Amino acid sequence: MKNNLWAGMALICWGLVSGCAALVVATGAGTGAYTYVNGELKRSYPAPYTRTMEVCTQILNDLNMPIKEQTSDGVRTTIATERKDGTPMTLQVTIVGLEVTEVSVRTGVVDYRNRDLSQQFHEFISRRLVP
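All figures in this text were calculated on a predicted structure; none of them were measured in a lab.

Enquirer: Help me get a handle on helix H3 (residues 49–62), residues and values and all.
Expert: Between the first and last C-alpha of H3 there are 20 Å, a value that for 14 residues agrees with the 20 Å anticipated at 1.5 Å per step. Taken residue by residue, H3 has Tyr 49, Thr 52, Met 53, Val 55, Cys 56, Ile 59 and Leu 60 as its buried positions. Buried residues along H3 cover an arc of 160 degrees about the axis, so they all sit on one side. Relative to its buried face, H3 has exposed residues pointing more than 90 degrees away, namely Thr 50, Asn 61 and Asp 62. The elements touched by buried residues of H3 are strand E3 (67–72), strand E4 (76–82), strand E5 (88–97), strand E6 (100–109) and helix H4 (115–129). One or two residues past the end of H3 sits Asn 64, with phi positive at roughly 55 degrees.

What follows is the structure in structure tokens.
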């Protein structure tokens, strides 16, 4: 427990010093700020983690995208799914704060990521999550 606390504090300090993209996006939560790094399109939402997870799974159900695998470490949940055309998609839902959650969407395979499809999924989330 003590090590986790120190690790968390070190991560926060590093983020403040280095200008971590996740912190930058969190400050722009709800404003439509995205970051796109290594094929992942990330955005922070002004909503609690549980509500964000509900919205993401509802959207997957509505799009008939089955959850192939789901893992969680208590702070981040990773969902592997597949679009109807067989294109793989990975979602990561991460707790940033009590009322801020970051969602990362990666669509496609290595060397062929589809940013437009990832952005479309974020638009679905935004319509349901942000008033």
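The rest of the description comes next.
Enquirer: Tell me about the side chain of Thr 94, residues and numbers included.
Expert: Relative to the helices and strands, Thr 94 is located in strand E5. Residue classification places Thr 94 among the buried residues on the basis of a relative accessible area of 9%. Here the side chain of Thr 94 touches Arg 76 through a polar contact of 3.1 Å, side chain to side chain.

Enquirer: Could you give an account of the pairing of strand E2 (residues 40–45), with specific residues and numbers?
Expert: Counting buried positions over the six residues of E2 gives five, a clear majority of the element. For strand E1 (residues 34–37) and E2, the ladder comprises four bridges, and the chain directions are antiparallel. Counterpart to Thr 35 in the pairing with E2 is Lys 42. Between E1 and E2, which pair antiparallel and follow one another directly, the connecting turn spans two residues, one of which, Asn 38, has a positive phi of 50 degrees. Bridge analysis of E2 against E6 gives five bridges, and the strand direction is antiparallel. Looking at the pairing, Tyr 45 lines up with Thr 101 of E6.

Cut-offs applied
- Residues numbered from 1 in each chain as written.
- Predicted model: local features only at pLDDT ≥ 70, side-chain atom pairs only at ≥ 80, totals over all residues.
- Heavy atoms only, no water.
- Helix = DSSP H or I, 4+ residues; strand = E, 2+ residues; numbered from the N terminus.
- Expected span 1.5 Å × (residues − 1).
- Buried < 20%, exposed > 50% of the residue type's maximum accessible area, 1.4 Å probe, protein only.
- Arc of directions from axis to C-beta.
- Contact = heavy atoms within 4.5 Å.
- Polar contact = N/O pair within 3.5 Å; in protein donor to acceptor, adjacent residues only side chain to side chain.
- Pairing = 2+ DSSP bridges.

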